[in-house]
Amino acid sequence: MSADQLPEHPDFLWRNPEPKASYDAVIVGGGGHGLATAYFLAKNHGMTNIAVLEKGWLAGGNMARNTTIIRSNYLWDESAAIYEHALKLWEILPEELEYDFLFSQRGVMNLAHTLGDVRESVRRVGANKLNGVDAEWLDPQQVKELCPILNISDNIRYPVMGATYQPRAGIAKHDHVAWAFARKCDELGVDIIQNCEVTGFVKDGNRVVGVKTNRGTINTEKVGLAAAGHSSVLAEMAGFRLPIQSHPLQALVSELHEPVHPTVVMSNHVHVYVSQAHKGELVMGAGVDSYNGYGQRGSFHVIEHQMAAAVELFPIFARAHVLRTWGGIVDTTMDASPIVGTTPVENMFVNCGWGTGGFKGTPAAGLTFAHTIATGTPHELNRPFSLERFETGALIDEHGAAAVAH
Amino acid sequence: MLLISCPNCGPRDETEFHYGGQAHVAYPENPDALTDREWAEYLFYRDNTKGNFAERWVHSTGCRKWFNMLRDTVTYDIKAVYKMGEPRPDLTSARQDATSPEGASK
């Protein structure tokens, strides 16, 4: 698809209101998750006297920095349920939000390079099918048919031994997703307040009753934290801890090319994931930088490593150039699963820990977090993803399990 | 890439090291006596400081020794490198920011 097929850039999709003295609920974080939460609070729960506070500009954090991959082929039942629900929402959201954000279900392949990979992948395909997630196992020839530019020969260090494939997976234009949610939120009466940084919370005993910001104190009945990499900083202000470590996660794009890459390819073993954006850039990412960091940048050897992996798997990329690299701050948990639920502070709720895979979860995060904030109890889909699981031991260990890039 | 001053080997590229997370987290003296909450704190909860952070590194392809480092997690500036068992340096009282170890920069 070429650039002239993109939607025209509209003038104003949302107002820029001054913060009111009080709201029924305040969402901290104006990224995809915060906006989706506000949207579902207004649409599903009739809560329209609410605000989304964003310390910078709308969707300028990880929402602007991810590689836009959407899939639901997770191993465990709890993950498959929430990510598959997200995928089903992705399928209807363009119509519901009346905004074509170019959700392209071009499929996602997760390559296997070792016997261990093959066994894990075949197992995951079985688990996915049992959970109603579309999944198939491809042999190397089938891999080649779907993605002809992939090198499936045995002249590389880790030859492709097959792949899992989820046909309904794909990519979307992340900025447009944010704008689509923001416009609908605004139409429903939600105040989106940019350049509004939270500096503290007002509490009455153990109950949160207000939010201190650089634009004054805002009274509120309820607070929802949706700040990804900065979740720990907010939690500390509120007086509790989160089992989160913030790491830089880098990504890069090449210059524009003719369409050469028809799907999305992920390899955990040689470690790169690649798709081609609608405009034509090759979009690549890999794992986090090992150290904790809030700097929105990482070390160059991480980029070098993923480029080496990409060139080995896609020899055609050897002549492409890196146009731009960047980093975001991802909020990782020990089990590589998110935390969506209540907190030790009354009327304060948290949505965090989506780590390297938050974009795909955006609609489900919004739906379940809104339900949790509005009713005070978790939705069926996010019940397992509570903060308490680190005490009960009921972890959802996608880290060792699966298609999670780590 | 970080340039890290190993206390034993001197300044080397980050790729020679591995990260070990928050420093100064002691194994509980009486694990049996811990509540689930306290055990969870030990296993899963670590500080996630924005700013100066005391952390462990190991010089995997050099002396293979662990050591501690004080690093700003926003600027990535390395403020101090010190040996295992030594207490975290107090930068505020000694104003050591201007005298960080040789080569200990990003």
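Fair warning: this is a prediction, and the values are worked out from it, not measured in the lab.

**Student:** Help me get a handle on a nonpolar patch on the surface, residues and values and all.
**Tutor:** On the surface, Tyr-27, Trp-39 and Leu-43 of chain B cluster together into a nonpolar patch covering about 300 Å² of accessible area. The topology assignment puts Tyr-27 of chain B in the loop between β3 (18-22) and α1 (36-44).

**Student:** Which residues make up the environment of Asn-214 of chain A, and what are the values?
**Tutor:** All names here are of chain A. Relative to the assigned elements, Asn-214 resides in the loop between β10 (207-213) and β11 (216-225). Along the backbone, Asn-214 and Lys-55 are 159 residues apart, and their C-alpha atoms lie at a distance of 9.0 Å. With residues up to four places along the chain from it excluded, the contact list for Asn-214 reads Asn-195, Cys-196, Glu-197 and Thr-199. For Asn-214, the side chain forms a polar contact with the main-chain nitrogen of Glu-197, separated by 2.9 Å.

**Student:** Explain the sheet that holds strand β4 (residues 52-58) of chain B to me, using residue names and the numbers behind them.
**Tutor:** All names here are of chain B. The antiparallel open sheet is built from four strands, whose spatial order is β3-β4-β5-β6. With one partner strand each, in any of the chains shown, β3 and β6 (78-83) form the two edges of the open sheet. Ignoring strand direction, the axes of neighbouring strands in this sheet form an average angle of 30 degrees.

**Student:** Go over the sheet that holds strand β6 (residues 162-166) of chain A, please, and point to the residues and values.
**Tutor:** All names here are of chain A. Pairing is mixed across the open sheet formed by eight strands, whose spatial order is β5-β6-β4-β13-β14-β15-β12-β16. The open sheet is flanked by β5 (136-138) and β16 (322-332), the only strands paired with a single partner. On average, each strand axis in the sheet is inclined to that of its neighbour by 20 degrees, with strand direction left out of account. Strand direction decides the pairing type here: strand β14 (residues 272-276) and strand β15 (residues 281-288), joined by four bridges, are antiparallel. Counterpart to Val-274 in the pairing with β15 is Met-284.

**Student:** An account of unusual backbone geometry is needed here, citing residue identities and associated values.
**Tutor:** One non-glycine residue with positive phi stands out, namely Asn-347 of chain A, at about 65 degrees. Note on placement: Asn-347 of chain A falls in the loop between β17 (339-342) and β18 (348-352). In this structure Asn-347 of chain A comes out as partly exposed when scored by relative accessible area, which is 23%. Even without being glycine, Tyr-76 of chain B reaches a positive phi, approximately 70 degrees. Residue position: Tyr-76 of chain B is located in the loop between β5 (66-72) and β6.

**Student:** Hey, could you go over the packing of aromatic side chains for me, with residue numbers and the actual values?
**Tutor:** Using the criterion set out here, one finds 15 aromatic pairs over all chains in the structure. For the pair Trp-90 of chain A and Phe-101 of chain A, a centre-to-centre distance of 5.7 Å together with 80 degrees between the ring planes defines the contact as edge-to-face. Separated by 11 residues along the polypeptide, Trp-90 of chain A in helix α2 (residues 77-96) and Phe-101 of chain A in the loop between α2 and β4 (108-112) bring together distant segments of the chain. Phe-101 of chain A sits in the buried class, given a relative accessible area of 0%. Note on Tyr-19 of chain B and Trp-57 of chain B: the rings are 4.9 Å apart at their centroids and 65 degrees apart in plane angle, and the pair reads as edge-to-face. Taken together, the positions of Tyr-19 of chain B in strand β3 and Trp-57 of chain B in strand β4 put the pair 38 residues apart, joining distant regions of the chain. Of the residues examined, Tyr-19 of chain B reaches a relative accessible area of 16% and is grouped as buried. The class for Trp-57 of chain B is buried, based on a relative accessible area of 1%. Every member of this aromatic cluster is reached through a ring pair, and the members are Trp-90, Phe-101, Phe-103 and Phe-359 of chain A.

**Student:** Tell me about the pairing of strand β13 (residues 264-267) of chain A, and name the residues and values.
**Tutor:** Residues and elements named next belong to chain A. Here β13 shows two buried faces, one formed by Val-264 and Met-266 and the other by Val-265 and Ser-267. For β4 and β13, the ladder comprises three bridges, and the chain directions are parallel. Paired with Asn-110 across the bridge in β13 is Met-266. Pairing between β13 and β14: three bridges, direction antiparallel. Paired with Val-265 across the bridge in β14 is Val-274. Hairpin connection from β13 to β14: four residues lie between these consecutive antiparallel strands, with His-271 at a positive phi of about 70 degrees.

Thresholds, definitions, all that
- Residues numbered from 1 in each chain as written.
- Chains lettered and ligands numbered in written order.
- Predicted model: local features only at pLDDT ≥ 70, side-chain atom pairs only at ≥ 80, totals over all residues.
- Heavy atoms only, no water.
- Patch = residues over 30% accessible without salt bridge, like charges linked within 9 Å, V, L, I, M, F, W, Y side chains within 5 Å.
- Areas by Shrake-Rupley, 256 points an atom, 1.4 Å probe, with all protein chains shown as cover.
- Salt bridge = Lys/Arg side-chain N within 4 Å of Asp/Glu carboxyl O.
- Helix = DSSP H or I, 4+ residues; strand = E, 2+ residues; numbered from the N terminus.
- Contact = heavy atoms within 4.5 Å.
- Polar contact = N/O pair within 3.5 Å; in protein donor to acceptor, adjacent residues only side chain to side chain.
- Pairing = 2+ DSSP bridges.
- Axes fitted to C-alpha atoms, helices over the stretch in contact; angles between N-to-C directions.
- Buried < 20%, exposed > 50% of the residue type's maximum accessible area, 1.4 Å probe, protein only.
- Phe/Tyr/Trp six-rings, centres within 6.5 Å; stacked < 30°, edge-to-face > 60°.

Shape descriptors only; they carry no functional weight alone.
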